[in-house]
Amino acid sequence: MPQNLSIFPLNFASGIPYGRLNYLAQTPTSLASLQHLTSRLSIPIKAIFRTNISSTTAMSFRPTITLNDGNQIPWVGFGTGTAHYSRDAKDVVVTAIRAGVRHLDGAQIYGNESSLGAGIKEFGVPRSELFVTTKLTEKLDLGKETPRTKLLESLEKLGLDYVDLYLIHSPAYAQEHGKLQEWWKGMEEIKQEGLAKSIGVSNHGVNTLKEILQVATITPSTNQIEFHPYVWKAAKPIYDLCKEKGIVVQSYGGLVPVYRAPDGPLDPVLRGIAQRLSNETGKAVTLAHVLTKWQIQKGVVVVTTSSKEHRIKETLEVPNLPDLTEDEITEIEDVGSEVHQRIYMKHCFKE
Ligand SMILES: NC(=O)c1ccc[n+]([C@@H]2O[C@H](COP(=O)([O-])OP(=O)(O)OC[C@H]3O[C@@H](n4cnc5c(N)ncnc54)[C@H](OP(=O)(O)O)[C@@H]3O)[C@@H](O)[C@H]2O)c1
């Protein structure tokens, strides 16, 4: 059966809307019901996952976003930094995978790659179904260490043969030492060697991105940056350049306006939208959900974290909420731009 047809009878027979079906295919908690349906219809469950990706082109929401090298990145990633920085992340990683997350965001600087690897191993989900990121540490022992030697150390700790995405975590130290372009060439070799399926950057502004683009034969696939309404004004030129060059923006710190900088001017705006969505859906929609929905509608890959399984599951449901209106999006950005509140990596942005 052609892959793009196989979803039709399933959807037809099940009566589940396409968007919902795609969501179900992302969550192991719903696998049982999918398996039940597929056994009735004699469709292998694996076909649903493949079809899931290819059949999303007609829908506004896509559970995976296609990177400029053709690889797919799941729309939401579970972070092992911030709250889990320098801590054993095994249990939270297991919880996240059990909740349905398939994209895990690590970094050398978080000091817990071994426990990220242990969580992956413990849950035992097939490697091909996971998307694992790590990031090059900020300061290298120049002359001794390279992006490649550091990745080999990471792979050893993670217990993996490759990562799906390897990022230059910060341009600051490399730029200061005139090494940024050399590091990028090293990243390109890593991709060619297959040690990372995709390569990209993090915390890059317009200038450092342009510096890399001058020598790049492989354009960075993503730029992971702090992204929420209180940095929107500062992030917009980077966001626009990324869009122009086909670089996917990944957000981190997306919940800063409710988690780290609450009670700001955005609160009443988010509350009003949350109320509308709660009324429409009959579910308790929170300010955090509205912020996540805003990020999805901006087309960014959301990197977030939580120690609470119920919150991880709620986040995975956010795509199913009704869309924010154009006016709501404009209001979030206008009111967010009234303040500037960057929490992380200020030195990369000379703040
Ligand atoms: N590239 C970089 O330089 C960089 C910098 C910073 C972060 N990151 C990555 O991004 C990840 C996430 O960063 P972040 O922690 O700043 O993300 P965030 O999404 O802004 O905040 C996450 C925090 O919000 C709370 N939270 C989660 N869901 C919530 C909800 N529905 N309602 C209210 N609060 C909620 C969580 O606390 P509870 O545990 O209480 O739920 C969690 O600690 C990091 O772990 C790391 O992987 C990358």
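All figures in this text were calculated on a predicted structure; none of them were measured in a lab. (Residues numbered from 1 in each chain as written. Predicted model: local features only at pLDDT ≥ 70, side-chain atom pairs only at ≥ 80, totals over all residues.)

Colleague: Can you lay out the overall build of the protein chain for me, pointing to particular residues and giving the numbers?
Modeller: When you go through the protein chain residue by residue, the secondary structure sums to 16 helices and 10 strands. Taking all 351 residues of the protein chain together, 43% fall into the buried category. Within the protein chain, contacts between residues at least 6 apart in sequence are counted, and of these 76% link residues at least 24 apart. (Helix = DSSP H or I, 4+ residues; strand = E, 2+ residues; numbered from the N terminus. Buried ≥ 20, exposed ≤ 12 C-beta atoms within 10 Å, placed from the backbone. Contact = placed C-beta atoms within 7 Å.)

Colleague: I'd like a rundown of helix α5 (residues 90-99), residues and numbers included.
Modeller: Because each turn of an α-helix spans 3.6 residues, side chains separated by three or four positions in sequence point in the same direction. For α5, the set of buried residues is Lys 90, Val 92, Val 93, Ala 96, Ile 97 and Ala 99. Contacts made by the buried residues of α5 are with β3 (76-79), β4 (103-105), α6 (113-123) and α15 (309-317). Following α5 by one or two positions, Gly 100 has its phi on the positive side, about 125°.

Colleague: Provide a residue-level description of the environment of Asn 71, including the pertinent values.
Modeller: Mapped onto the elements, Asn 71 comes out in the loop between β1 (64-66) and β2 (72-74). Exposure remark for Asn 71: the 15 C-beta atoms within 10 Å place this residue in the partly exposed category. The spacing of Asn 71 and Asp 164 is 93 residues in sequence and 8.8 Å in space, taken between C-alpha atoms.

Colleague: Before we move on, can you summarise the pairing of strand β8 (residues 222-226) with the specific residues and values?
Modeller: Counting buried positions over the 5 residues of β8 gives 5, a clear majority of the element. The sheet contact formed by strand β7 (residues 196-202) and β8 spans 2 bridges and is parallel. Opposite Ser 202, over in β8, you have Gln 224 as the bridge partner. Crossover connection from β7 via helix α10 (residues 206-215) to parallel β8: handedness right-handed. In this structure, β8 lies alongside strand β9 (residues 248-252), joined through 5 bridges in parallel fashion. Residue pairing in the sheet places Asn 223 in a bridge with Val 249 of β9. Of the crossover connections in this fold, the one passing from β8 over helix α11 (residues 232-245) to the parallel β9 is right-handed. (Pairing = 2+ DSSP bridges. Right-handed = clockwise from strand over helix to strand, strands pointing away.)

Colleague: Can you tell me about helix α13 (residues 267-281), naming the residues and giving the values?
Modeller: Between its first and last C-alpha, α13 extends 21 Å over 15 residues, near the 21 Å set by a 1.5 Å rise per residue. Among the residues of α13, Val 269, Leu 270, Ile 273, Ala 274 and Leu 277 are the ones counted as buried. In an axial view of α13, the angular spread of the buried residues amounts to 125°, which keeps them on one side of the axis. Residues of α13 that are exposed and point over 90 degrees away from its buried face: Pro 268, Gln 275 and Asn 279. Those residues of α13 hidden inside the fold are in contact with α14 (287-297) and α16 (326-336). Following α13 by one or two positions, Gly 282 has its phi on the positive side, about 75°. (Expected span 1.5 Å × (residues − 1). Arc of directions from axis to C-beta.)

Colleague: I'd like to hear about the environment of Ile 199, residue by residue, with values.
Modeller: Tracing the sequence through the fold places Ile 199 in strand β7. As for Ile 199 and Pro 220, which are separated by 21 residues in sequence, their C-alpha atoms are 5.9 Å apart. Discounting residues that sit within four places of it in the chain, Ile 199 has contacts with Tyr 166, Met 187, Glu 188, Ile 190, Lys 191, Ile 218, Pro 220 and Ser 221.

Colleague: Quick one: what's the story with the site of the ligand, residue by residue and with numbers?
Modeller: Around the ligand, 29 residues are found, and the nearest of them are Gly 79, Gly 81, Thr 82, Tyr 252 and Thr 304. With 3 residues, helix α12 (residues 256-259) is the largest single contributor of residues to the shell around the ligand. Grouping the constituent residues of the shell around the ligand by class yields 10 nonpolar, 15 polar and 4 charged. (Near = placed C-beta within 6 Å. Nonpolar A, V, L, I, M, F, W, Y, C, P; charged D, E, K, R; others polar.)

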